[in-house]
Amino acid sequence: MKKIIFYFMVLSLTAVATSCKYGFDDTYNALPDIEIGNVAETGVVPSQLFLGEVLKISPQITYGSEPAAEFGFRWYKQYSNSLKLISEDPVLNYALDSLGVWTIRLEVTNKVTQVTAASTVSFTVISRSERGWYILKETSSGNTDMDLVRMTQEGEVDGNEYNLLAKTGNELAGKPVGLSFVYNYNWKEPGTSYFTSYISTIMPISQKGLATFRMRDEWVLESNKKMFFDDNDGNNNSLTGGITSPIQSLIVNNHKAHLMVQGMQAFLPVIPGAYSLSPYFTITDGTNPYMLGFDEQSHSFVFITARAASLSTFPDAYLPENYKISSNNMNGTLSFMENTDGSLNPDTLYQQRAYALFHETTRTDRCILLGLDLAQIDPLQSEFGATKYSPIMYADTISYARVPALKTATLFAMHKNYPLLYFAQGNKVSSYLIDSKIVNDGILAYPTDEEVTYLHFYECLYDTNFRNLLVATYNATAGTYKIYRYVVAGNDITEVGSAFTGTGRVKTLIYASPNYSYWNNNVYRNY
């Protein structure tokens, strides 16, 4: 009897299962799959989006004849080991608030049958302002603002952004002086007790003040008096120059030096002492704590130690013996100083040197091109350098009768790989081959209504990989600038791309890239 009852139960369960599979007309009623469209298909979501943009995704759901109202939506942002729910709306609208690779996951569930399907899409969020040319300019009102020409990783122009400081209410008073960069700026957010480190910033500097501009989101973090540790109210600022490298920055305020090293949020109080710095500086490879400047009070070259915040002159000792030019009490001023590759000392393989244009107080008919051994400001050069000798190891007296354009030239630049001096006068750029002392007059000439206002040779070995001579001109009638880029190969100078244009008068440029960890001596030559 028990066997009969068990057999009857099995038949009953089989009948129930069969009735779920087949209807009364013996037709199979399988549940349909949910199909999600307009999410992961190529081209629906761009592969790159900008920080601050709102990501909008409108999925298309197919599920037999079921209406869309019967579905639940759950949008997730995917992290390495977890998912964060960011929306339950049918259409996603989400502000992209961080840089890097994002993965968005959508899960759709039928509310009646509980059938679920998922779809994911990945893309990269980039900053609008972290790759390109920052342009410091003088505005029509005589103040300082900054433009940006965005570039793709392949080196193509990807849009322009003008008047970045004015847009945030931070246009700087006074004419522009220079641009600094800090890849490890340390910032205390207002209203908190916490500091954020390793903020990559551009630092625009005017005669009256300066600011830190966060490249990630085009925002000014601090400006003017908050940029100094001392009681600087900004009213008495007279900023005239400085120099920057990946680990340190120096500015000259009222002829005195303020220093900032990486990881700081403001400039230190002035280096004390009886001195009056010129605006011109250079540095070796950008990773040591020494800088080379010129004191207009003692008429002497000086080296500046960032970590010790000190300023000193060089001894009157010479190496090798045939170079006995003292760098002290020189009785004159500089109009230019910049570095290039190569050595001035035949006894060492050290490959960093600089050149400076020196003007004697008692002579107006000539200038002297000085060659400077930068091993003297490198503390690792224990045998032939490390501030043990005079840095001057070359002197070329140039008569203005022989090179008249040098007397009225207003801008100068060094080629970064060869001893070649560029100089600009009016609407022309000329060059001077230092070793052979040959002048090439008018290697570049612009329309008569374009005045050259900026001249620099850039070497950049990351990101877009370029070595370009850059020239900016200004049309006073139109109030506009043009920025030209050139590839230099011997005597051949070839323009690259189209000129950048905008309003105002260009003072200086700086190139920025997301690869901040590589801002060192080998990849960024701006000094």
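Residues numbered from 1 in each chain as written. Predicted model: local features only at pLDDT ≥ 70, side-chain atom pairs only at ≥ 80, totals over all residues. Heavy atoms only, no water.

Q: Would you mind going over the sheet that holds strand S25 (residues 366–373) with me for this structure?
A: Picture the strands of a sheet paired through backbone hydrogen bonds; they go either parallel or antiparallel. Reading across from one edge, S23-S24-S25-S26 is the order of the 4 strands in this open sheet, with antiparallel pairing throughout. Each edge of the open sheet is held by one strand with a lone partner, namely strand S23 (332–341) and strand S26 (392–399). For this sheet, the mean inter-axis angle between neighbouring strands, taken without regard to orientation, is 20°. Both S23 and strand S24 (residues 352–360) contribute to a ladder of 9 bridges, which runs antiparallel. Each residue of the ladder has a partner; that of Asn 339, found in S24, is Ala 354. (Pairing = 2+ DSSP bridges. Helix = DSSP H or I, 4+ residues; strand = E, 2+ residues; numbered from the N terminus. Axes fitted to C-alpha atoms, helices over the stretch in contact; angles between N-to-C directions.)

Q: Sorry if this is basic, but what is going on with empty space enclosed by the protein here?
A: It is the rolling of a water-molecule-sized probe over the atoms that shows where space remains empty. The full count for this structure, using the stated rule, is 1 cavity of 30 Å³ or more. In this structure, the largest cavity occupies an estimated 50 Å³ of space. If you go around the largest cavity, the residues you meet are Phe 181, Val 182, Tyr 183, Thr 244, Ser 245, Pro 246, Ile 247, Gln 248, Ser 249, Met 260, Val 261 and Gln 262. Breaking the lining of the largest cavity down by element, the ones donating at least two residues are strand S13 (176–188), strand S17 (239–245), strand S18 (248–253) and strand S19 (256–261). The leading source of residues in the lining of the largest cavity is S13, at 3 residues. Among the residues forming the lining of the largest cavity, the class breakdown is 7 nonpolar, 5 polar and no charged. (1 Å grid on protein atoms, 1.4 Å probe; cavity = no way out; pocket = protein on both sides within 12 Å on 5 of 7 lines; lining within 4 Å. Points joined across faces, edges and corners; volume = space filled by probe spheres on them. Nonpolar A, V, L, I, M, F, W, Y, C, P; charged D, E, K, R; others polar.)

Q: Would you explain the pattern of salt bridges in this entry?
A: Oppositely charged side chains can form a pair if their charged atoms are brought close together. Under the criterion given, the structure shown has 14 salt bridges. Taking the shortest distance from any N to any O, the salt bridge between Lys 437 and Asp 396 comes out at 3.6 Å. Remark: Asp 396 occurs in strand S26 and Lys 437 occurs in the loop between strand S29 (428–433) and strand S30 (438–445); sequence separation between them is 41 residues. For Asp 396, a relative accessible area of 2% translates into the label buried. Note that Arg 467 is salt-bridged to Glu 459, the shortest N-O span being 2.9 Å. Under the relative-accessibility criterion, Arg 467 is labelled partly exposed at 41%. In the salt-bridge network here, residues are joined through shared partners; they are Arg 150, Glu 161, Lys 167 and Glu 218. (Salt bridge = Lys/Arg side-chain N within 4 Å of Asp/Glu carboxyl O. Buried < 20%, exposed > 50% of the residue type's maximum accessible area, 1.4 Å probe, protein only.)

Q: How do you make sense of the layout of surface pockets when you look at a structure like this?
A: By volume, the largest pocket is sized at about 1,200 Å³. Lining the largest pocket we find 41 residues, and of these Val 177, Gly 178, Tyr 280, Lys 507 and Thr 508 sit closest to its centre. Listed by contribution, the elements that provide at least two residues to the lining of the largest pocket are S13, S17, S18, S23, strand S27 (411–414), strand S31 (451–460) and strand S36 (505–512). Top contributing element to the lining of the largest pocket by residue count: S31, with 7 residues. Tallied by class, residues from the lining of the largest pocket come to 22 nonpolar, 13 polar and 6 charged.

Q: Quick question: what am I supposed to make of the side chain of Glu 222 here?
A: Its location among the elements puts Glu 222 in strand S16 (residues 219–223). We note that Glu 222 is buried and unpaired, the nearest opposite charge coming from Lys 226 at a distance of 4.1 Å. A distance of 3.0 Å separates a polar atom in the side chain of Glu 222 from a polar atom in the side chain of Trp 187. Here Glu 222 is in contact with Tyr 185, Trp 187, Lys 188, Leu 210, Ala 211, Thr 212 and Met 227, once residues within four sequence places are set aside. (Lys, Arg positive; Asp, Glu negative; His and termini not counted. Polar contact = N/O pair within 3.5 Å; in protein donor to acceptor, adjacent residues only side chain to side chain. Contact = heavy atoms within 4.5 Å.)

Q: Looking at this model, I keep getting lost on the confidence of the model for the chain. Mind explaining?
A: Any region with low pLDDT has predicted coordinates that should not be read closely. Summarising the model, the chain shows a mean pLDDT of 85, and 89% of its residues fall at 70 or more. The spread of mean pLDDT over the elements of the chain runs between helix H1 (residues 2–21), the lowest at 39, and strand S35 (residues 500–503), the highest at 97. Counted against residues more than four places away or in other chains, residues 1–26, with its pLDDT under 50, gives 6 contacts. (pLDDT = per-residue confidence, 0-100.)

Q: Help me out: how do you make sense of the pairing of S35 in this one?
A: The side chains of a regular strand alternate, residue by residue, between the two faces of the sheet. Of the two faces of S35, only the one carrying Phe 500 and Gly 502 is buried; Thr 501 and Thr 503 on the other face are not. With 4 bridges joining them, strand S33 (residues 480–489) and S35 adopt antiparallel strand pairing. Bridging from a neighbouring strand, Ile 483 pairs with Phe 500 of S35.

Q: Explain the environment of Ala 472 here, please?
A: Take Ala 472: it is sitting in strand S32 (residues 466–475). Through-space distance from the C-alpha of Ala 472 to that of Arg 505 is 8.6 Å; in sequence the pair is 33 residues apart. When near neighbours in sequence (up to four residues on either side) are disregarded, Ala 472 contacts Glu 451, Val 452, Thr 453, Tyr 454, Lys 482, Ile 483 and Val 506.

Q: Mind showing me how you'd approach the packing of aromatic side chains here?
A: We describe a pair of aromatic rings using the distance from one ring centre to the other and the angle between the two ring planes. Under the criterion given, the structure shown has 17 aromatic pairs. Aromatic side chains Tyr 290 and Phe 303 sit 5.7 Å apart centroid to centroid with 40° between the ring planes, which places their arrangement in the tilted category. Here the residue Tyr 290 occupies a position in strand S20 (residues 290–295), and Phe 303 occupies one in strand S21 (residues 300–305), the gap between them amounting to 13 residues. You can call Phe 303 buried: its relative accessible area is 10%. Arranged with centres 4.9 Å apart and planes meeting at 35°, the rings of Tyr 446 and Tyr 484 form a pair that is tilted. Taken together, the residues span a long stretch of sequence, with Tyr 446 in the loop between S30 and S31 and Tyr 484 in strand S33 at a distance of 38 residues. (Phe/Tyr/Trp six-rings, centres within 6.5 Å; stacked < 30°, edge-to-face > 60°.)

Q: Which parts of the structure should I look at to understand unusual backbone geometry?
A: Phi is mostly negative for residues that are not glycine, and the peptide bonds are mostly trans. At Asn 163, a position not held by glycine, the phi torsion is positive, near 55°. Positionally, Asn 163 belongs in the loop between strand S12 (157–161) and helix H2 (164–167). Of note, Ala 386 is a non-glycine position whose phi angle comes to about 60°, a positive value. The residue Ala 386 is located in the loop between S25 and S26 in this model.

Q: For this particular structure, what's the right way to read the sheet that holds strand S15 (residues 211–214)?
A: Pairing is antiparallel in the open sheet, where 4 strands are placed in the order S13-S14-S15-S16. Strands at the two margins of the open sheet, each flanked by one partner only, are S13 and S16. Taking each pair of neighbouring strands and ignoring which way they run, the sheet shows an average axis angle of 30°. Two strands pair when backbone bridges link them, and strand S14 (residues 195–206) and S15 are joined in this way by 2 bridges, in the antiparallel orientation. Residue pairing in the sheet places Ile 202 in a bridge with Phe 213 of S15.

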